[in-house]
Amino acid sequence: MKISLFIFCALFLLLTGNVAFGKPVILKANESLPYWSRTLPHNGLGGELIEAISRAGDVESIIEFVPLKRMIEDTTDNNLGNPVFYMDNQDFAAIIPIAITQVGLYYYNPLHDKKVTFKSLSDLKGFRVGALSGTMANRTIFEKAGILFETSYSQESLFKKLHHGRLDFVLELDLVGQQTIAKLFPTESKNFEVIALPKSVSPIAILLDKNYPNVENVANRYRQGLAKIIKDGSYNEIISSYYESHQLPLLWLKELERFSRLYQTTP
């Protein structure tokens, strides 16, 4: 009886491709404090979420850090980040939103005569705006509006130029901008202002390549793990710890659910 049970379990593992006893899932991320960084505990906010989701879903995951440009050009890997950066070049079997973020328009207040307001792209006409290389999918829209764009491969470079007056604004994710400023200019954080851009909320997701082995099983494990940590409250604790208010931002879970529905049938 015990032998039969052992054989049954062995066959079950072979047929289902149990992720926990197979090869680790390699997920590639771009260095973006505090979401993804080898310099932070648990590899940052996103890394901490991946740890919790993988543990709850019984998946072994490994995060590898590579430049964003290389991630976009590689059409066979599993990625972590905003799906819009990768979907034009690669087909994915599953896109699983795990967090959200919003783009902010950062500026260095001492270099501006008055408080900056933003209602439309026309308000940026003639200004020099910096952004991370590879993130400006619709750059022509900004250029047609008369906005002068400059890109860089690092957030540090962009914010240093902003501080020195070589850029007027920097487009960056909310927490990434805050962390970069705190790192580079710890005594001047109050001199930097940010305007949250309307309709700029986007997902941070696990993107699994269409040809990845046993991909449907892997995707289901990740989804189950995410659902578990949301239900038990550990998801809320992780996200909240990265905000000064120590609270989950308003409408976070509602937006996460919206993106989950959007990508449930995508691609």
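Worth saying up front: this structure is predicted, and the values here are computed from it rather than measured.

Criteria and cut-off values
All chains use their own residue numbering, which begins from 1 and follows the written sequence. In keeping with the model being predicted, local features are shown solely for residues with a pLDDT of at least 70 and side-chain atom pairs are shown and tallied solely at 80 or more, while totals for entire chains, interfaces and linings include all residues. Side-chain calculation: all heavy atoms of the structure are included, whereas hydrogens and water are not. The helix and strand labels rest on DSSP assignments: H or I over at least four residues marks a helix, E over at least two residues marks a strand, and numbering proceeds from the N terminus. Partly exposed describes any residue whose relative accessible area lies between the buried limit of under 20% and the exposed limit of over 50%, with all areas from a 1.4 Å probe on protein chains only and scaled to the type maximum. Any pair of residues with heavy atoms lying within 4.5 Å of one another is described as a contacting pair. For accessible areas, the Shrake-Rupley method is used with a probe of radius 1.4 Å. Any residue's cover is judged against the shown protein chains and nothing else. For two strands to be treated as a pair, DSSP must find at least two bridges joining them. How far a helix is expected to stretch is found by multiplying one less than its residue total by 1.5 Å. Here a polar contact is taken to be a pair of N or O atoms separated by no more than 3.5 Å, where protein atoms must pair a possible hydrogen donor with a possible acceptor and residues adjacent in sequence count only if both atoms sit in side chains. Salt bridges, as used here, are contacts in which a Lys or Arg side-chain nitrogen is within 4 Å of a carboxyl oxygen on Asp or Glu.

1. Observations regarding the overall build of the protein
- Check the secondary structure of the protein and you find nine helices and eight strands.
- Counting all 267 residues of the protein, 45% fall into the buried class.
- The contacts in the protein between residues at least 6 apart in sequence include a share of 71% that link residues at least 24 apart.
- With an accessible surface of roughly 14700 Å², the protein has 56% of that area assigned to carbon and sulfur atoms.

2. Remarks on the pairing of strand 7 (residues 169-173)
- For strand 7, a buried count of four out of five residues is recorded, marking the element as mostly surrounded by other parts of the structure.
- Pairing of strand 4 (residues 92-108) with strand 7 involves four bridges; the strand directions are antiparallel. Bridge pairing in strand 7 links Gly104 to Glu172.
- Relative to strand 7, strand 5 (residues 128-132) runs parallel, the two being bridged by two bridges. Along strand 7, the bridge assignment pairs Gly130 with Val170.

3. Here's the deal with the environment of Asp123
- Here Asp123 shows up in the loop between strand 4 and strand 5.
- Relative accessible area serves as the criterion here: at 33%, Asp123 is assigned to the partly exposed category.
- Spatially, the C-alpha atoms of Asp123 and Ile147 are 9.3 Å apart, while their sequence positions differ by 24 residues.
- If sequence neighbours within four positions are ignored, Asp123 has contacts with Thr117 and Phe118.

4. Re helix 7 (residues 215-232)
- The end-to-end C-alpha distance of helix 7 is 26 Å, a good match for the 26 Å that 18 residues give at a rise of 1.5 Å each.
- What helix 7 keeps buried is the set Val215, Asn217, Val218, Ala219, Arg221, Tyr222, Gly225, Leu226 and Ile229.

5. With respect to the side chain of Ser240
- Assignment of secondary structure puts Ser240 in helix 8 (residues 234-240).
- Given a relative accessible area of 8%, Ser240 falls into the buried group.
- Polar contacts involving the side chain of Ser240 include one to the main-chain carbonyl oxygen of Asn236, which spans 2.8 Å.
- Once residues lying within four places of it in the same chain are set aside, the contact partners of Ser240 are His246, Gln247 and Leu248.

6. Brief notes about unusual backbone geometry
- Following Leu33, the chain continues to Pro34 via a peptide bond in cis, the omega torsion being -5 degrees.
- Turning to its location among the elements, Pro34 is positioned in the loop between strand 1 (25-29) and helix 2 (44-57).
- A positive phi angle is found at Asp58, which is not glycine, with a value near 60 degrees.
- Among the structural elements, Asp58 can be located in the loop between helix 2 and strand 2 (61-65).
- A relative accessible area of 39% places Asp58 in the partly exposed class.

7. Side note on the pattern of salt bridges
- By the definition in use, this model includes 10 salt bridges.
- With a shortest N-O distance of 3.6 Å, Lys210 and Asp91 are connected by a salt bridge. Residue Lys210 is located in the loop between strand 8 (192-209) and helix 7, and its partner Asp91 is located in the loop between strand 3 (79-81) and strand 4; the two are separated by 119 residues in the primary sequence.
- The salt bridge partner of Arg128 is Asp168, with a shortest N-O separation of 3.2 Å. With Arg128 in strand 5 and Asp168 in the loop between helix 5 (155-164) and strand 7, this residue pair connects regions lying 40 residues apart in the sequence.
- Taking relative accessible area as the criterion, Arg128 reaches 34% and is therefore assigned partly exposed.
- Taking the relative accessible area as the measure of exposure, Asp168 reaches 15% and is therefore buried.

Note that all results are geometric; they support no functional claim without further evidence.
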